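Coordinate analysis (summary)
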Amino acid sequence: MSNKVAKSDLLCLHCGNVFPTWNYMGTQRKMFQKKVLHCPICKKDTKHVELQNIDAYIASLEFKDIETLTEQEKIIYQLIKKR
């Protein structure tokens, strides 16, 4: 019996560090769920946002007009550009 897992990424809202996490398909969290986790780059507990398929999400932000982005999308976009 094989349990399928899905990869998602956690984005640190302080430094923009992205690291992967894996969940079983039935226990996936919703997109943009926020968590407080220890960031290995910041060396402290910071807020992280969970993103599924981060590469496609980043590509979709590239094609949108910056004025039409939501506040949350603007924060994520700025963090990603900073990396």
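Residues numbered from 1 in each chain as written. Predicted model: local features only at pLDDT ≥ 70, side-chain atom pairs only at ≥ 80, totals over all residues. Heavy atoms only, no water.

1. Considerations on unusual backbone geometry
Generally, phi is negative for residues other than glycine and the peptide bonds are trans, each holding for most cases. Positive phi, normally seen in glycine, also occurs at K43, with a value near 65 degrees. The residue K43 is located in the loop between β3 (34-39) and β4 (44-52) in this model. (Helix = DSSP H or I, 4+ residues; strand = E, 2+ residues; numbered from the N terminus.)

2. Topic: the sheet that holds β4
What the four strands build is an open sheet, ordered β2-β1-β4-β3; its pairing is antiparallel. Pairing within the sheet leaves two strands with one partner each, and these edge strands are β2 (18-24) and β3. Going across the sheet, the axis of each strand differs from the next one's by a mean of 45 degrees, ignoring polarity. (Pairing = 2+ DSSP bridges. Axes fitted to C-alpha atoms, helices over the stretch in contact; angles between N-to-C directions.)

3. Details of the environment of A59
Looking at where A59 falls in the secondary structure, it is placed in helix α1 (residues 54-62). Note: C-alpha distance between A59 and Y77 (18 residues apart in sequence) is 10 Å.

4. Quick word on the nonpolar core
Residues L11, V49, L51, I54, Y57, I58, L61, L69, I76, Y77, L79 and I80 constitute the largest nonpolar core, which totals twelve residues. Beyond its immediate sequence surroundings of up to four residues, Y77 is in contact with L61, E62, I66 and L69. (Core = buried A, V, L, I, M, F, W, Y, C linked by side-chain atoms within 4.5 Å. Buried < 20%, exposed > 50% of the residue type's maximum accessible area, 1.4 Å probe, protein only. Contact = heavy atoms within 4.5 Å.)

5. A few points about α1
Taken together, the buried positions of α1 are occupied by I54, Y57, I58 and L61. For α1, the angular spread of buried residues about the axis comes to 100 degrees, placing them on one side. (Arc of directions from axis to C-beta.)

6. Concerning the confidence of the model for the protein
Taken residue by residue, the protein gives an average pLDDT of 82. The fraction at 70 or more is 92%. Averaged pLDDT values over the elements of the protein bottom out at 79 in α1 and peak at 91 in β3. (pLDDT = per-residue confidence, 0-100.)

7. Description of the environment of I80
Tracing the backbone shows I80 in helix α2 (residues 71-82). C-alpha separation for the pair I80 and K35, spaced 45 residues apart in sequence, amounts to 18 Å.

8. Observations regarding the pattern of salt bridges
In the structure shown here, the tally under the stated rule is four salt bridges. Measuring nitrogen to oxygen at the nearest pair gives 3.1 Å for the salt bridge that ties D9 to K7. With relative accessibility at 45%, the residue K7 sits in the partly exposed group. Between E50 and K35 there is a salt bridge, with its nearest N and O atoms 3.6 Å apart. Taken together, the positions of E50 in strand β4 and K35 in strand β3 put the pair 15 residues apart, joining distant regions of the chain. (Salt bridge = Lys/Arg side-chain N within 4 Å of Asp/Glu carboxyl O.)

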